[in-house]
Amino acid sequence: MTYTRCGRGLPRSTMREPDRQHSPLVSVPAPRRMTLRRSATAEDPFAFAASVREGLAHAVKHLHCAWFYDEEGSRLFEEICALPEYYLTRAEERILRRHAGSIVSGLPERAELVELGSGSAAKTRILIEELLARNGHLRYVPIDIAHGMLERSSRALLEEYPLLEIHALAAEYQEGLEALAREAPTPRLVLWLGSNVGNFERPAAAQFLGRLAKHLLPGDRILVGIDLRKERETLERAYDDSLGVTARFNKNLLARINRELGGHFDLASFRHGARYDEHLGRIEMYLVSAKAQRVPITALGMEVEFAEGETIHTENSYKYSLEEIAELAQAAGLVPDQQWFDTRRAFSLNRFAPRPVT
Ligand code: AVJ
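Quick caveat, the model's predicted, so the values are computed rather than measured.

Enquirer: Describe the confidence of the model for the chain, with residues and values.
Expert: In the predicted model, the chain carries a mean pLDDT of 91, and the fraction of residues at 70 or more is 91%. The low-confidence segment residues 1-21, where pLDDT is below 50, has 45 contacts with residues more than four positions distant or belonging to other chains.

Structure below.
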């Protein structure tokens, strides 16, 4: 693979010659098969600093869950997905395998595949293969905040699928949406898998999906993976596993502050907490200070004071009932199109259509 430098100084691969025996593109000049762009904020070293300062200076300490996904955090999240207790990934993968055909059925022939929070794109392969089998060619637009993971997964996909074209964007959801809005309307299937929607407050999730839908054509579809409400034990074990991987994932936020902002967190004096609030229908993750302590963060010129037992709220992961999914669609101005479940009904895949303009 060869590299050129593009606008923001990021490596961008150019195409390998298509395979002359098998490719239908023989006489076409080698097109660019992959672009990789980073949004302005994805590159902004001050964004993390400003967010940490705000969150730790607040009366109720909190850190934004988007910061989990540096290199170490992305690696730990992949480990979480393979844990026996973290049923979400396997349930979703089973649904995708079983229903790939119907999931992509009825899509316009040239539909491109957009994915919000693509991560390792492991499960996406199932749909990529289905669409390639149908259409021969596919344009894939993965959007993820973890640029290292995004680049690695994109390269791996390019190697594997010679007829795949990838336009990757390292950005947060918000910016991803804006980037989509700027592009010429083209038929699309937009994926938002893994119950990533669970990180949003319910009204914000509806608002986000609603704005996404505004950039879609009538034949387009959104496929959203949503974890379902269930009994407390299953949920709390999924977010507090016996190997302690989720604890390390959570504490990596503190380790990241130490690495990038000259923080002096002693990881051993914080413990991982995950509890299900049944009323709100959400898992809440915390870091709990095991003792009264003061933690300097050099680059921020601040010292953070903790009482014994004081928490830093690090994540919400909302779970949905079927009624709540219907309400989400309604509030977003989406039309529920089709829904699939795993055999245990732990997880759901939901296909939505933009509401027809009347
Ligand atoms: C990536 C947001 C879907 O909420 O289940 C996993 C993140 N946090 N274990 C989730 C997560 C702790 C995950 N999402």
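Enquirer: Provide a residue-level description of the pattern of salt bridges, including the pertinent values.
Expert: Evaluated as defined, the whole model comprises 29 salt bridges. For the salt bridge of Glu 151 with Arg 155, the shortest nitrogen-to-oxygen distance reads 2.9 Å. With Glu 151 and Arg 155 both in helix H5 (residues 147-160), this residue pair falls four residues apart, about one helical turn. Under the relative-accessibility criterion, Glu 151 is labelled partly exposed at 22%. Taking the shortest distance from any N to any O, the salt bridge between Asp 227 and Lys 230 comes out at 3.0 Å. Residue Asp 227 is classed as buried on the basis of its relative accessible area, which comes to 0%.

Enquirer: So what's going on with the state of the cysteines? Which residues, and what values?
Expert: Per the stated rule, a full pass over the model turns up zero disulfides. Of all cysteine sulfurs in the structure, the one in Cys 81 sits closest to Cys 65, which takes part in no disulfide; the separation is 15 Å. A relative accessible area of 12% means that Cys 65 is categorised as buried. Classification of Cys 81 by relative accessible area gives buried; the value is 13%.

Enquirer: Got a sec to walk through the pairing of strand S12 (residues 302-306)? Specific residues and values, please.
Expert: By the alternation rule, side chains of S12 split into Met 302, Val 304 and Phe 306, which are all buried, and Glu 303 and Glu 305, of which none is buried. In terms of strand pairing, strand S11 (residues 293-297) meets S12 through five bridges, oriented antiparallel. Its bridge partner lying in S12, Ile 297 is registered against Met 302. Counted between consecutive antiparallel strands, the loop separating S11 from S12 contains four residues, among which Gly 301 sits at a positive phi close to 55°.

What counts and what doesn't
Residues numbered from 1 in each chain as written. Predicted model: local features only at pLDDT ≥ 70, side-chain atom pairs only at ≥ 80, totals over all residues. Heavy atoms only, no water. pLDDT = per-residue confidence, 0-100. Contact = heavy atoms within 4.5 Å. Salt bridge = Lys/Arg side-chain N within 4 Å of Asp/Glu carboxyl O. Helix = DSSP H or I, 4+ residues; strand = E, 2+ residues; numbered from the N terminus. Buried < 20%, exposed > 50% of the residue type's maximum accessible area, 1.4 Å probe, protein only. Disulfide = S-S within 2.5 Å. Pairing = 2+ DSSP bridges.

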